[in-house]
Amino acid sequence: MLKLINNFKDIYKYRVLIQSLVSRELKARYRGTVLGFLWSFINPLLLMIIYSIVFGFIIGPRIPAFGGSPVLYALFLFCGVLPWTWFAAASIESANVLMIQGNLIKKILFPAEILPVVVLSSNFIHFLFGVPILLLGKLLTVLFIPNAPGFSIYLVFLPLVMLVQFVFSLGFGLLLSALTVHFRDIKDILANMLTFWFFATPIIYPMTFPIIQKSALFRTFLNLNPMTHIMIGYQNTVFYGEMIRWKKLSVTLLVGIVLVIIGYYVFDKLRDSFPEEV
Amino acid sequence: MTGKYAIEIEKVTKVYQKYSSRHRFKTFKSALVKGDLFKSMKPDELVTALEGVNFNVPKGMTFGVIGENGSGKSTLLKIITGITKPTKGRVTVRGKVSALIELGAGFHPEITGRENVYINGIMLGLSKKEIHEKFSDIVRFAELEEFIDAPVKTYSSGMYMKLGFSVAINVNPDVLLIDEVLAVGDAGFVPKCLDKINDFRRRKKTILFVSHDLSTVEKICDQVVWLKNGKIKTLGEPKRVIDAYLQDIAGQQEEVFEQRQQRVNEEYGEKKETVIKKTSDEKTSVTVQQSLPPDEADEHREQRWGKREIEIKKVRLIDLKGKPKHVFQTDEGMIIEMEVESYSRIKDFVFGLGIFNSQGIQCYGTNTLMEEFEAKSIEGKCEIACRIEKLSLINGTYYLDVAVHKIDGYPYDYHRNLYSFMVSSLNKDVGIFRPEHEWSFSSKIQFKSFKD
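These figures come from a predicted structure and were not determined experimentally.

### Overview of the overall build of chain A
For step 1, the next point in the chain: What chain A contains, in helices and strands, is 13 helices and 0 strands.
For step 2, the next point in the chain: Listing each helix as α and each strand as β along chain A from the N terminus yields α-α-α-α-α-α-α-α-α-α-α-α-α.
For step 3, the next point in the chain: In terms of C-alpha radius of gyration, chain A reaches 20 Å, essentially the compact-globule figure of 19 Å for 278 residues.
For step 4, the next point in the chain: Expressed as lengths along the three principal axes of its C-alpha atoms, the size of chain A is roughly 60 × 50 × 35 Å.
For step 5, the next point in the chain: A buried classification covers 53% of the 278 residues belonging to chain A.
For step 6, the next point in the chain: For chain A, the proportion of contacts with a sequence separation of at least 24, taken over those separated by at least 6, is 77%.
For step 7, the next point in the chain: Total accessible area on chain A is roughly 12,900 Å²; 72% of this is exposed by carbon and sulfur atoms.

Rendered as structure tokens:
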């Protein structure tokens, strides 16, 4: 346990390196494109527009929730898809990162654990670029759709929800990156698992859907999924303008912390094998 | 910092593990089912890269590591750097280490040289401020002022290496590890690197220098260790260790040449009936063609022709002491011995020999006629020797032609490239021939010396 704390101190020590690697990652991503950083805004904006069209005009009218307003549903959807994209992209990249950056591990003395941290952080910053778009969409619904839930003070808890997701994703990412070095199958398993996970999390449907509320089995299943509480956290603070569920979110944070400890333990155990295996 | 040694290596053993793919699948399953993730990851095969390596490098010393490919040199450096851990034993390094192992390993191709210098510097343990101060030095040393704001992917591999070297050397370490990095630089850059290394020597920094360039090792190192198959073979004064190493290499090459000679002897030694009948029978001339090497572009184009009225039965290369060998030093002498047999009394004959380098260029050729021996007669079994006092050839592999023919060129027995030998030398001179020479300079011309 003491060693673990020391290791976390190390991560803190490497913050300058993490910082510069994250900025390198972000710079490299749009290097050579005409629009550059604007893509970070354009991507979620386009996504939002597509959702509004598909759910507003094609599927939307059949969904009774959200006061029959398909645009509101599109916003609700976007509320979950945006953070989910962060989680999914970070997980998939984490699973590959040690192999992709194998040169660093093999050729120079390099603290491998900062690689999944860098992946998570650079995807986090991407997610942050999407947040203003989300809030813009919210503003538009408030202005133009009658009865739409307005902005509320509970928006201040949004960073807290992000923190919970960050911690949980970090633990998951550490575990994935270390294990994938030895079991390359994980990459493929993960891609499929994330699709399933996406639908097993209240993102495209609200937790309050009658079918879910009626079935105890459904509810238990969804409640056991940590991502459920994180997504509900986003929906509460941004979409509904409600208070977050303190208890459930705290438990999720705890789960995240435990996962980080496990992930780091496994990572540390396997660390010595990385230079030879990647 | 305490202690006399900069690097202490105590009984270090490194065993690499090889996992087969079948095994991996099995462990994944069992890892899932039984949950014994760590226990089940047992390797299929073990490869010992280092075994009980034990030595110390005193502070301020330039220490050379030599050995063939796969002898464990790079593994040793990786263990000293801390990239991998020894399976057994202990390594202690005192002071800040910078490793010139894989230059520019951390460079990202999409971003500029400038940005990469910063990130690479941070990876190597510098602070942003330190890099900022050293930035212009780094760029100037790498000679990349014009290109520093271009993405690294546009760099040539030489530019890449220069920038990597420049960053690593400006980390200002106490212990510098250098692994065969000078091999890729251009003619102008390598001396600059050596200057920089020399500068480190003067400042009493510790250097561990791994290289195949033995003359540089001899020039700059105070002590040399020779690794063979993961074990220390010899450790000590550079000249002595390098000589022992060269002898070992020569011994191995001797075997290779010996094998080639045996093969050639088997292939061309037998007197072929078809050759004799050549002129009388048209049909067999086809066979003759087939008895020649199948492919004209064959590596060394070994051939033997002639009707062997006089036959060269055996050719031996020996040194001046009479020991048969194939690997010679530049300043060594060589005797070419031939056993010949003339099946009748013949009055018209010339013995000749030619030395060719691996590009097929004739380095030397002579015969008894050119040297004004007038043939009178030859009969029965005879012996011929040609003594070369000093070979004076540069590094490389050489092929030997020997022949006996008539004055008008009609061949009795012609051996083309059937014999080969090697000249090994630490000199890097070029050309085909090394005339014995000596330099002298007047007192106002001075040269740097690596060792004071």
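Having put the structure on the table, let's press on.
### What to know about the sheet that holds strand β5 (residues 97–100) of chain B
Residue and element names in this part refer to chain B.
For step 1, the next point in the chain: The mixed open sheet is built from 6 strands, whose spatial order is β5-β6-β7-β3-β8-β9. With partners counted over all chains shown, the strands left at the sheet margins are β5 and β9 (231–236), one partner each. Strand-to-strand twist across the sheet, computed as the mean angle between neighbouring axes with direction ignored, equals 15 degrees.
For step 2, the next point in the chain: By the bridge criterion, 5 bridges tie strand β8 (residues 223–228) to β9 in an arrangement that is antiparallel. Paired with Val-225 across the bridge in β9 is Leu-235.
For step 3, the next point in the chain: On top of the sheet, helix α8 (residues 238–268) reaches β3 (62–66), β8 and β9; it is set at about 25 degrees to β8, its chief contact.

### Overview of helix α2 (residues 73–81) of chain B
Residue and element names in this part refer to chain B.
For step 1, the next point in the chain: Within α2, 8 of the 9 residues are buried, which leaves the element mostly enclosed by the surrounding structure.
For step 2, the next point in the chain: Every buried residue belonging to α2 is among Lys-73, Thr-75, Leu-76, Leu-77, Lys-78, Ile-79, Ile-80 and Thr-81, and all of these are buried.
For step 3, the next point in the chain: Two residues or fewer past α2, Gly-82 is found with a positive phi of approximately 100 degrees.

### Examining the domain arrangement of chain B
All names here are of chain B.
For step 1, the next point in the chain: By domain assignment, chain B separates into domain 1 (5–247) and domain 2 (248–424).
For step 2, the next point in the chain: If you look at the interface, domain 1 gives 7 residues, while domain 2 gives 5 residues.
For step 3, the next point in the chain: Between domain 1 and domain 2, roughly 500 Å² of surface is buried when both sides are summed, and carbon and sulfur atoms account for 41% of that area.
For step 4, the next point in the chain: Of all residues in domain 1, the largest losses of buried area upon contact with domain 2 belong to Glu-68, Leu-246 and Gln-247, amounting jointly to 63% of the total for that side.
For step 5, the next point in the chain: One can count 1 salt bridge joining domain 1 with domain 2.
For step 6, the next point in the chain: Between Lys-228 and Asp-248 there is a salt bridge whose closest N-O contact spans 3.1 Å.
For step 7, the next point in the chain: Connecting domain 1 to domain 2 are 11 residue pairs in polar contact (both at pLDDT 80 or more).
For step 8, the next point in the chain: Mapped by element, the contributors of at least two residues to the side of domain 1 that touches domain 2 are β8 and α8.
For step 9, the next point in the chain: A breakdown of the residues in the side of domain 1 that touches domain 2 according to their chemical character gives 4 nonpolar, 1 polar and 2 charged.

### Regarding the nonpolar core
For step 1, the next point in the chain: Grouped together as the largest cluster of nonpolar side chains are 106 residues, with contacts concentrated most on Trp-84, Leu-98, Phe-110, Tyr-234 and Phe-274 of chain A.
For step 2, the next point in the chain: Apart from residues no more than four positions distant in its own chain, Tyr-234 of chain A is found in contact with Cys-79, Pro-83, Trp-86, Phe-127, Leu-158, Val-161, Met-162, Gln-165 and Phe-239 of chain A.
For step 3, the next point in the chain: Counting residues in each nonpolar core, the second largest holds 31 residues, with Leu-317, Ile-336, Ile-355 and Val-404 of chain B among its members.

### Concerning the interface of chain B and chain A
By a widespread convention, an interface's size corresponds to the accessible area lost as its parts come together.
For step 1, the next point in the chain: Counting residues at the interface gives 31 residues for chain B, matched by 29 residues for chain A.
For step 2, the next point in the chain: Counting every contact that joins chain B to chain A gives 2 salt bridges.
For step 3, the next point in the chain: Asp-272 of chain A is the partner of Lys-85 of chain B in a salt bridge, and the nearest nitrogen-oxygen pair spans 3.2 Å.
For step 4, the next point in the chain: In this structure, the connection of chain B to chain A is made through 2 residue pairs in polar contact (both at pLDDT 80 or more).
For step 5, the next point in the chain: Residue assignment for the side of chain B that touches chain A shows that the elements contributing at least two residues are β1 (5–18), α1 (21–34), α2 and α3 (113–123) of chain B.
For step 6, the next point in the chain: By residue class, the composition of the side of chain B that touches chain A is 15 nonpolar, 8 polar and 8 charged.

### Some points on the sheet that holds strand β11 (residues 310–318) of chain B
All names here are of chain B.
For step 1, the next point in the chain: Reading across from one edge, β11-β13-β16 is the order of the 3 strands in this open sheet, with antiparallel pairing throughout. Strand pairing shows two members of the sheet lacking a second neighbour, β11 and β16 (378–388), which therefore form its edges. Adjacent strand axes in the sheet meet at a mean angle of 15 degrees when their direction is disregarded.

Criteria and thresholds
- Residues numbered from 1 in each chain as written.
- Chains lettered and ligands numbered in written order.
- Predicted model: local features only at pLDDT ≥ 70, side-chain atom pairs only at ≥ 80, totals over all residues.
- Heavy atoms only, no water.
- Helix = DSSP H or I, 4+ residues; strand = E, 2+ residues; numbered from the N terminus.
- Rg over C-alpha atoms; globule rule 2.2 N^0.38 Å.
- Buried < 20%, exposed > 50% of the residue type's maximum accessible area, 1.4 Å probe, protein only.
- Contact = heavy atoms within 4.5 Å.
- Areas by Shrake-Rupley, 256 points an atom, 1.4 Å probe, with all protein chains shown as cover.
- Pairing = 2+ DSSP bridges.
- Axes fitted to C-alpha atoms, helices over the stretch in contact; angles between N-to-C directions.
- Domains from an automatic or database assignment.
- Buried area = accessible area lost by both parts, 1.4 Å probe.
- Salt bridge = Lys/Arg side-chain N within 4 Å of Asp/Glu carboxyl O.
- Polar contact = N/O pair within 3.5 Å; in protein donor to acceptor, adjacent residues only side chain to side chain.
- Nonpolar A, V, L, I, M, F, W, Y, C, P; charged D, E, K, R; others polar.
- Core = buried A, V, L, I, M, F, W, Y, C linked by side-chain atoms within 4.5 Å.

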